[in-house]
Amino acid sequence: MRQTAPNPSDSEPTQLYLYERKQRHTALVLLLNMGVLIAMYAAARKWIEPSEASDQLFYWVNIAVPVVELCLLLLAIYFWLKNGRFRMSVDTNRFTVDDPISKTYSFSVPVSEIEGIRQTYRNHTNYTTTVMYMKSGETIQLTPNYNYSRRALYDALKEANPTIQLPEHPYRFKQV
């Protein structure tokens, strides 16, 4: 997070929150996952007792593991070469998210138009959502795909617009 001090003589908006992540980081995580998958496969081969059921299991695992490994490798190469940048920022005027993976999660809205943010957890599907509600009635879902600090984001939004209704705790979700 990068904060800048406001300058009264400057008409530029003051940046209150910034989170950036390059896709090369995601590529490295995918490569790590490839290694973990190989280690899990090797451990299963070593510790699962031979039987008819395990033979049938490994028949399918021997097909699935190479396919998954290839998919992970291709995605890692794609992300490494593309190297797009995820950017989430809040300044005194706007809340902006630029997601190179999904344009669904990309937006730029005036902070003054944000009514509130609600976090929900669906127990039967084990699914969490963070939704921003606008004064116009529009809803915008915030991406769950990056490890940005919700606490710092909410603090910046509250500083930019004290009337925004935010969750009491940034890491607790209301069960629905």
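Figured I'd write up the structure that's included with this text. (Residues numbered from 1 in each chain as written. Predicted model: local features only at pLDDT ≥ 70, side-chain atom pairs only at ≥ 80, totals over all residues. Heavy atoms only, no water.)

## Notes on the nonpolar core
Here comes step 1: Counting residues in hydrophobic clusters, the biggest one holds 26 residues, and the most contacted among them are Tyr17, Met88, Val90, Phe95, Met132, Leu153 and Leu157.
Here comes step 2: Among the elements that line this core, the one with the most residues is helix H3 (residues 150-160), at 6 residues.
Here comes step 3: Leu30, Met34, Leu72 and Phe79 belong to the second-largest nonpolar core, a separate cluster that totals 6 residues. (Core = buried A, V, L, I, M, F, W, Y, C linked by side-chain atoms within 4.5 Å. Buried < 20%, exposed > 50% of the residue type's maximum accessible area, 1.4 Å probe, protein only. Helix = DSSP H or I, 4+ residues; strand = E, 2+ residues; numbered from the N terminus.)

## Here we look at the packing of aromatic side chains
Here comes step 1: Under the definition given, this model contains 7 aromatic pairs.
Here comes step 2: Taking the centre distance of 6.3 Å and the plane angle of 65° together, the rings of Tyr19 and Tyr148 count as edge-to-face. In this pair, Tyr19 sits in strand E1 (residues 15-22) while Tyr148 sits in the loop between strand E7 (139-141) and H3, placing the two residues 129 residues apart along the sequence.
Here comes step 3: Overall, the relative accessible area of 11% leaves Tyr19 in the buried class.
Here comes step 4: Measuring from centroid to centroid gives 5.6 Å for Tyr78 and Phe79, while their planes differ by 55°, and the two rings are tilted.
Here comes step 5: What makes Tyr78 partly exposed here is its relative accessible area of 44%. (Phe/Tyr/Trp six-rings, centres within 6.5 Å; stacked < 30°, edge-to-face > 60°.)

## Details of the sheet that holds strand E6 (residues 127-134)
Here comes step 1: Reading across from one edge, E7-E6-E5-E8 is the order of the 4 strands in this open sheet, with mixed pairing throughout. Two strands close off the open sheet at either side, each with one partner strand: E7 and strand E8 (174-175).
Here comes step 2: Pairing of strand E5 (residues 114-122) with E6, which is carried by 8 bridges, proceeds in the antiparallel orientation. From the neighbouring strand, Arg118 faces E6, where its bridge partner is Val131.
Here comes step 3: Seen against the sheet, H3 touches E5 and E6 and runs at an angle of roughly 155° to E5. (Pairing = 2+ DSSP bridges. Contact = heavy atoms within 4.5 Å. Axes fitted to C-alpha atoms, helices over the stretch in contact; angles between N-to-C directions.)

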